[in-house]
Amino acid sequence: MNQQAEYEIKAKQLIGEMTLDEKIGMIHGAEIFKTAAVPRLGIPAMAFSDGPCGVRQDFDPAHWQAIGTSRDEVSYLPCNSAIAATWNTGLAKASGEVLGEEARGRGKDMILGPGVNIKRSPLCGRNFEYFSEDPYLTKELAVPFIKGVQNWDVSACIKHFAANNQETDRLNVDTFVDDETLEEIYYPAFEAAVKRAGVHSVMGAYNKIKGEHCCQSVTQLNKVLRKKWGFDGVVVSDWGGVHDTDIAAEAGIDVEMNVTDNFDDYYMAEPLKEKIKAKEISEELIDEKVLHILVLMQRLHMLDGKRKAGAYNTREHHDAILKVGEESIVLLKNEGKDDKVLPLNVKQGEKILLIGENADKKHAAGGGSAEIKAFYELTPLQGLQMLLGGNATVDYVQGYTSGASEAQDASWQATSLTDQENSEESRKEEQKKQLEKERKELYEQAISAARNGNYDHVIFIGGLNHDEDQEGYDRKDMSLPYGQPELINELHSLCPDMPVVMIGGNPVEMDSWIDNTKALVWMFYNGMEGGKALAEVLLGHINPSGKLPVSFYKKLEDCSAHCVGEFGTEGEVHYTEKDEVGYRYLTAHNIKPLFPFGYGLSYTEFKIDGIKRLLSVDHKTQVVVTIENTGKADGKEVIEVYKDHKNGKYRKLCGFGKVNVAAGYFADVVIDVEADDDETLYIGTSVDDIKAKI
Ligand code: BGC
């Protein structure tokens, strides 16, 4: 008998012994992150935890109040966008292993990630939690990531199914997207997670698709996920995503979770029990949900005493996180008169000035449910000083500020005895003035330091933070905030070679300062070792090998979700751009981005020396590419394979591989490709830089 059949027999036995109350307890939250146990039958509760960047801190069972223990400080992983920028499936697997082992180490059963929604617009506040605008890259990284997590007797929970691509009106927005587009763009990562990674759990999305709330959608959950793809695991609602008892009972959802503490009132709690007792809903529907949960518990060894223990904050985890961080950094520009600006050559006794809030800002604790209570998080300032030691002086000036300072908050008291409404208004006005004043002071301080400080190297480290990249919020435009463009320009007039580092979860407009920028480095929120990884790249200890997992548009209007479709609307959102998402739209309409999908430079140069193509079997083939490192530094290169979409309008990614090549040497990279023999393959190093056809 196969294992699944054994699990089902045991589950059915247990269900036969359970009371209706016990069953109901297993299919809805009895705490904010837990279901109820059935101690009498040895069935434990199911413990959930966010999220993709690590295991979230623990909350009071009934409130969103952190318990406040040091025991929930954990390893903080590079966000999924950073993992995607590595284009390295091995590192995606390693990241999943860290997350799974830590989740187990913290006593969790299900980790609420990875997020695999497609980045349809650069404004979506949760994009940092997602991999890419491209479904192929997303699925090829999500599959090993999930396998890594699930190696640790923990369930991954792929989210948010489906077409969850904006935060505006996120609980109710009705998404109008045609089936062909769902198949081409929004489903592939979910389908691959089910069929190839054997993901144990799926989270429904908050939004509706064509009138049906995804968390209780018969179309999405029963017809597509369970019937078409054969998913036999557990479907969990997003927190507050269920809206109706009868529909949820029929639909393929197994566990209702919510953000409120009235656990008995949840749609799948007392209201469901009453309807079963009144014979309005069949108990068999509930048995099926409980069966899915009991099978999952056996898959995770929750019932047999043979479960892995897990561990967190191990040295191996921190090392793995550094490796991912190093490969995720993308070098976007590197020019120079004689020598290129980067890597910096810092000599003994030299002075370095870092300018910009992100040079010393920690990001782990922000972003919404993806927040992490990091065991530590190295900032770029720390990373650089740690690597340079006592032989160089590293100074820091903030240059700009993203938010209100404590001094401003204190100013509230001055008006606190006046009329409430007016006092609120005038408080805001006062804060705004304070902020402007503070920004001006920081600006002048930075300019004066750069002008008079006699520095050998000046580096700007700015970008976004989780005030911009966060759950429940979409940016209004792509501008680089807090007065940074003016500051960068002014600094460049003083220090023309100043490299610019941007840290963020989404691209920003660069038109006003990019031409004067000789060296530009992009880093997505990069985990606890991010500051060190960045320092290694800036100093040339590590040769950058990251590639953009998204298009960097020149302006927002070049993004199809904005110029063809709708984004950020309330009520309904229409994906009229259909499958022309991201670079697909740009290539179909010959629009040049600032930096294309798949783009990233190195401190060395590579040449493609030979390409071999094997015969296809079952729509899959392999391409072997020989790469020569013609430069002076060892380095890694990503080779990308594209093919024409069947409508002939655009090319799409269908394979990629990454390889390490020593300076002056050759190496082969074997690339798995999704293509038939009669399809032309385009081999290149970004979607806009195709080197050969085969
Ligand atoms: C988010 C989910 C998250 C859940 C639990 C929701 O607001 O959309 O991604 O897993 O909360 O924190």
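Reference entry: report on the structure contained in this document.

What counts and how
- Residues numbered from 1 in each chain as written.
- Predicted model: local features only at pLDDT ≥ 70, side-chain atom pairs only at ≥ 80, totals over all residues.
- Heavy atoms only, no water.
- Pairing = 2+ DSSP bridges.
- Helix = DSSP H or I, 4+ residues; strand = E, 2+ residues; numbered from the N terminus.
- Axes fitted to C-alpha atoms, helices over the stretch in contact; angles between N-to-C directions.
- Phe/Tyr/Trp six-rings, centres within 6.5 Å; stacked < 30°, edge-to-face > 60°.
- Buried < 20%, exposed > 50% of the residue type's maximum accessible area, 1.4 Å probe, protein only.
- Near = heavy atom within 4 Å.
- Polar contact = N/O pair within 3.5 Å; in protein donor to acceptor, adjacent residues only side chain to side chain.
- Nonpolar A, V, L, I, M, F, W, Y, C, P; charged D, E, K, R; others polar.
- Core = buried A, V, L, I, M, F, W, Y, C linked by side-chain atoms within 4.5 Å.
- Domains from an automatic or database assignment.
- Contact = heavy atoms within 4.5 Å.

**Some words on the sheet that holds strand E16 (residues 519-523)**
Stage number 1. If you walk across this open sheet you meet the six strands as E11-E16-E15-E14-E12-E13, and the pairing is mixed. The outermost strands of the open sheet, each flanked by one partner alone, are strand E11 (330-334) and strand E13 (393-397). Averaged over all neighbouring strand pairs, the angle between strand axes comes to 20°, with direction disregarded.
Stage number 2. Of the strand pairs in this sheet, strand E12 (residues 351-355) and strand E14 (residues 457-463) are connected by four bridges, and their pairing is parallel. Following the sheet pairing, Leu-354 is matched in E14 by Ile-459.

**Notes on the packing of aromatic side chains**
Stage number 1. In this structure the tally under the stated criterion is 24 aromatic pairs.
Stage number 2. With a centroid separation of 5.3 Å and 70° between ring planes, the pair formed by Phe-59 and Trp-64 is classed as edge-to-face.
Stage number 3. Look at Trp-64 and you get partly exposed, because its relative accessible area is 38%.
Stage number 4. Ring geometry for Trp-522 against Phe-524: centres 5.7 Å apart, planes inclined by 70°, an arrangement best described as edge-to-face. For the pair Trp-522 and Phe-524, a shared accessibility class is recorded, and that class is buried.

**What about the site of the ligand?**
Stage number 1. With respect to spatial proximity, 14 residues lie near the ligand, and among them Asp-50, Arg-126, His-160, Asp-238 and Glu-471 are the closest.
Stage number 2. Residue His-160 places a side-chain N or O atom 2.8 Å away from an oxygen atom belonging to the ligand.
Stage number 3. Grouping the amino acids of the shell around the ligand by side-chain chemistry returns five nonpolar, two polar and seven charged.

**What to know about the nonpolar core**
Stage number 1. By size, the foremost hydrophobic cluster in this structure holds 187 residues, and its most contacted members are Phe-48, Phe-161, Trp-239, Leu-294, Ile-355, Phe-460 and Met-502.
Stage number 2. A domain-level breakdown of this core finds at least three residues from each of domain 1 (331-543) and domain 2 (604-693).
Stage number 3. In contact with Ile-355, other than residues within four places in its own chain, are Val-397, Gly-399, Ala-446, Ala-450, Val-458, Ile-459, Phe-460, Ile-461, Leu-487 and Leu-491.
Stage number 4. Counting residues in each nonpolar core, the second largest holds 16 residues, with Val-659, Val-661, Ala-667 and Ile-683 among its members.

**Structural notes on the environment of Asp-360**
Stage number 1. Note that Asp-360 resides in the loop between E12 and helix H13 (380-388).
Stage number 2. A relative accessible area of 34% means that Asp-360 is categorised as partly exposed.
Stage number 3. The residues touching Asp-360, leaving out its near neighbours within four places in the chain, are Thr-379, Leu-381 and Tyr-396.

Without other data, these values stay purely geometric and don't point to any function.
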